[in-house]
Amino acid sequence: MSNHVIEIATQAYQDQKPGTSGLRKKVSVFQQPNYLENFIQAIYEATDKPKVLVLGGDGRFFMKEAIDRIINVLAANQILKIIIPMNGLLSTPAASCLIRSAKASGGIILTASHNPGGPDGDFGIKFNTSTGSPAPEAITEKIYERSKTITSYKSLFKKRTIDLSKYSVHTIDDTRIAVIDPIANYMEVIKDSFDFGLLKETLQQEQFKIIVDCMNGVTGPYAKHIFLEKFRCPTETVINYDPLPDFGGKHPDPNLTIAKDLVNQMKADPTIQFGIAFDGDGDRNMVLGQEGFFVSPGDALAVIADNADCIDQLSKCKGFARSFPTAPAIDRVAAKRGLVCHEVPTGWKYFGELLSVGRIQLCGEESFGLGASHCNEKDGMWACLAWLSILSKKRVGVKQLVEEHWKVYGRDYFNRYDFEECDSVKCQAMMRELETLLTGRSLVGRKFGSKEQYEVVETGNFAYTSPTGVKTPGQGLFIKFTDGSRIIVRLSGTGSSGATVRIYLNAYDKDDIGQDNETYLKELLAICYTITKLPQHIGTDKPTVIT
Ligand code: VG1
Ligand code: CO
């Protein structure tokens with residue numbers, strides 16, 4: 001061991017279990033003594049001493065300090081190379097691209113995604129493997145196991161702070177640290193994905209007005225580069241573009257409730273054709289058409305799949321995938337094209353494997369995440385350019401495109417109801433009771449609804465088997481009806497306090513496509529409450545967020 005390295009004795013924490021997407025906790029939890037160093041040392045040891053790691057994040061509070069402290073631990077472990085984007089700012093999809101371009105062993109992404117930031121907000125660490133994909137559960141479990149028994153970590157005797165404000169190369173003993181331009185790398189990866197010439201032409205037309213809301217997350221610099229520098233759009237095209245440690249005090253969550261700036265702006269100015277908002281780390285997106293016409297994520301996925309021919313990258317599409325709770329609109333597109341649509345549990349790591357082996361080229365989740373084969377993460381900016389490619393080639397508006405889609409395929413009315421910060425014990429009790437009910441057959445054949453139109457065809461708990469045969473049970477309690485409608489209940493794996501219950505409803509209608517979403521789902525929601533007894537269990541029937 002070099003003279004410069006010391007071993008620091010530490011107490012293991014027992015709560016460093018990564019959830020759906022990384023380890024997410026309140027900033028104050030991460031600020032406990034050695035909490036961060038323990039977890040980094042655990043990653044290093046549990047992933048067989050990686051040689052090259054990418055390190056960056058979404059700019060949230062505590063990120064800069066965390067980068068310094070992580071460099072200290074990794075350099076003390078004599079890692080060969082650390083690649084850091086300028087100012088530490090790296091969107092989650094760009095991190096995935098960079099890991100692959102640099103042939104790195106993996107990446108540490110400092111983000112809690114759409115969770116609030118600032119000193120009282122959340123912090124998080126995602127670990128991605130050399131394929132650019134979020135680490136599968138086998139790896140996150142190993143990291144967690146190591147974190148529970150760790151007794152020391154390595155540290156530099158003399159700590160170093162690296163200047164991240166310029167492109168540069170530094171050395172600490174045997175470790176090289178490269179501060180690079182992440183946008184250049186991202187652009188290189190997607191350069192052949194779209195017809196950039198056509199996009200520029202379309203966006204320069206005065207009547208083609210768009211608005212891109214970065215919600216003060218990490219996508220600001222990418223959006224400014226693409227829309228202002230490359231496409232020369234007017235400056236007002238990109239809003240909330242400065243990455244801020246507290247995201248301007250708001251949740252960087254692109255949904256109708258929180259991305260109000262965008263919704264209001266589009267309602268006020270009907271000449272804006274297209275609007276999009278991204279989350280804190282740039283992997284989620286919400287799409288709006290003229291006057292704020294909302295595109296549900298399940299429809300967005302299906303519409304892109306159906307128009308894959310307009311997107312260069314998707315010209316040789318072999319398959320699609322969606323997460324289990326996502327409305328199955330894309331399944332019908334797949335069926336028409338003679339392709340497979342895989343159904344995986346919630347969380348991008350399950351898509352990662354399918355993307356890596358080339359089984360799928362496009363996939364997405366109901367939580368506003370959509371991604372494709374250029375990287376191994378969901379990618380908000382890619383989704384944006386995909387939409388713009390379709391609109392440019394077909395010369396139609398968003399609303400028209402979606403409505404035409406419904407006319408051909410029928411419509412999935414869909415809502416997710418979140419009940420946040422609930423009592424964990426009560427939620428667990430509800431889930432156990434419900435699991436007993438739904439893994440039995442007592443509901444099958446029963447009819448619900450005013451006209452008894454909802455007849456239960458199947459109930460259970462969703463289980464997934466990966467292409468390599470890894471089984472993941474218990475991924476969502478479900479009730480399926482004969483007409484294709486579904487009720488799904490699961491607990492969130494990304495919260496930082498209490499429990500969050502998520503209820504997903506989707507009702508399919510082949511012909512009646514023009515109804516109000518909320519109204520259409522009212523009856524199914526009542527049925528859901530009757531079967532799950534959710535209001536009795538958690539003491540409320542009022543969700544905190546509906547998306
Ligand atoms: C949520 C979403 C899931 C998404 C995950 C990470 O997980 O439901 O679809 O993949 O967040 O998104 P959960 O377990 O809370 O339902 V992000 O943008 O953090 O990377
Ligand atoms: Co995110």
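Our subject is the structure listed above.
Residues numbered from 1 in each chain as written. Chains lettered and ligands numbered in written order. Predicted model: local features only at pLDDT ≥ 70, side-chain atom pairs only at ≥ 80, totals over all residues. Heavy atoms only, no water.

Along its length, the chain carries 17 helices and 27 strands. Over its C-alpha atoms the chain spans a radius of gyration of 23 Å, differing by no more than 12% from the 24 Å that the globule rule assigns to 547 residues. Seen along its three principal axes, the alpha-carbon backbone of the chain occupies a region of about 80 × 60 × 40 Å. A burial count over the chain gives 59% of its 547 residues as buried. Of the contacts formed within the chain by residues at least 6 apart in sequence, a portion of 71% connects residues at least 24 apart. Taken as a whole, the chain presents about 21,300 Å² of accessible surface, with 50% of it coming from carbon and sulfur. When the 63 basic and 65 acidic side-chain charges of the chain are each reduced to a single mean position, those positions are 4 Å apart. (Helix = DSSP H or I, 4+ residues; strand = E, 2+ residues; numbered from the N terminus. Rg over C-alpha atoms; globule rule 2.2 N^0.38 Å. Buried < 20%, exposed > 50% of the residue type's maximum accessible area, 1.4 Å probe, protein only. Contact = heavy atoms within 4.5 Å. Areas by Shrake-Rupley, 256 points an atom, 1.4 Å probe, with all protein chains shown as cover. Lys, Arg positive; Asp, Glu negative; His and termini not counted. Charge placed at Lys NZ, Arg CZ, Asp CG, Glu CD.)

This part is about the site of ligand 1. The environment of ligand 1 is formed by 20 residues, the closest being T20, R24, K126, T494 and R502. In this structure, an oxygen atom belonging to ligand 1 sits 3.2 Å away from a side-chain N or O atom of D279. A distance of 2.7 Å separates an oxygen atom of ligand 1 from a polar atom in the side chain of S492. Counted by class, the shell around ligand 1 contains no nonpolar, 9 polar and 11 charged residues. (Near = heavy atom within 4 Å. Polar contact = N/O pair within 3.5 Å; in protein donor to acceptor, adjacent residues only side chain to side chain. Nonpolar A, V, L, I, M, F, W, Y, C, P; charged D, E, K, R; others polar.)

Let's shift gears to the coordination of the cobalt ion (ligand 2). Protein coordination at the cobalt ion (ligand 2): the donors are S113 (OG), D279 (OD), D281 (OD) and D283 (OD), at 2.0 to 2.1 Å from the metal. The sequence motif formed by the donor residues of the cobalt ion (ligand 2) is S-x165-D-x1-D-x1-D. Of the two residues, S113 is situated in the loop between β5 (106-110) and β6 (122-129) and D281 in the loop between β12 (272-278) and β13 (285-289); the sequence distance between them amounts to 168 residues. (Donors = N, O, S within 2.8 Å, 3.2 Å for Na, K, Ca; no water.)

Applying the stated criterion across every chain yields a total of 30 salt bridges. With a shortest N-O distance of 3.8 Å, D279 and R284 are connected by a salt bridge. The partner of D309 in a salt bridge is R337, and the shortest N-O contact between them spans 3.5 Å. With D309 in the loop between α10 (297-306) and β15 (319-323) and R337 in helix α11 (residues 329-337), the pair connects residues that are 28 residues apart, well separated along the chain. In this structure D309 comes out as exposed when scored by relative accessible area, which is 61%. Owing to a relative accessible area of 32%, R337 belongs among the partly exposed residues under this scheme. (Salt bridge = Lys/Arg side-chain N within 4 Å of Asp/Glu carboxyl O.)

Let's shift gears to unusual backbone geometry. Phi at F62 takes a positive value of approximately 85°, unusual for a residue other than glycine. Looking at where F62 falls in the secondary structure, it is placed in the loop between β3 (52-57) and α3 (63-76). Even without glycine at this site, M215 takes up a positive phi of about 50°. A residue is classified by how much of its surface remains accessible, and M215, at 7% relative accessible area, is buried.

Now for the pairing of strand β21 (residues 454-461). Where strand β20 (residues 447-448) meets β21, 2 bridges bridge the pair, whose relative direction is antiparallel. Looking at the pairing, K447 lines up with E455 of β21. Between β20 and β21, which pair antiparallel one after the other, the connecting turn spans 5 residues, and G449 there sits at a positive phi close to 100°. Relative to strand β24 (residues 477-481), β21 runs antiparallel, the two being bridged by 5 bridges. Pairing of V456 across the sheet is with F481, part of β24. (Pairing = 2+ DSSP bridges.)

Now for the sheet that holds strand β16 (residues 340-344). Within the open sheet, the 4 strands sit side by side as β16-β15-β17-β18. Their pairing is mixed. A single partner strand is all that each edge strand has here, and the edge strands are β16 and β18 (369-372). Strand-to-strand twist in this sheet, taken as the mean axis angle between neighbours without regard to direction, amounts to 15°. Running at roughly 170° to strand β17 (residues 362-365), α10 makes contact with β15, β17 and β18 of the sheet. Taken strand by strand, α11 contacts β15 and β16, and its axis lies near 165° from that of β15. (Axes fitted to C-alpha atoms, helices over the stretch in contact; angles between N-to-C directions.)

What follows covers the environment of I487. As for its placement among the helices and strands, I487 is situated in strand β25 (residues 486-491). Judged by relative accessible area, I487 falls into the buried class, the value being 1%. Residues I487 and I503, spaced 16 residues apart in sequence, show a C-alpha to C-alpha distance of 7.1 Å. In this structure, I487 is in contact with L477, F478, I479, F481, Y504, L505, L524, I527 and C528, ignoring residues within four places of it in sequence.

Of all 5 residues in strand β10 (residues 209-213), 4 are buried; the element is thus mostly enclosed. Pairing between β10 and β12: 5 bridges, direction parallel. Residue pairing for β12: I211 is matched across the bridge by G275. Pairing between β10 and strand β11 (residues 238-239): 2 bridges, direction parallel. Within β11, the position partnered with D213 by the bridge is I239. With respect to chirality, the unit in which β10 leads through helix α8 (residues 220-230) into the neighbouring parallel β11 is right-handed. (Right-handed = clockwise from strand over helix to strand, strands pointing away.)

So yeah, pure geometry; function would need other evidence.
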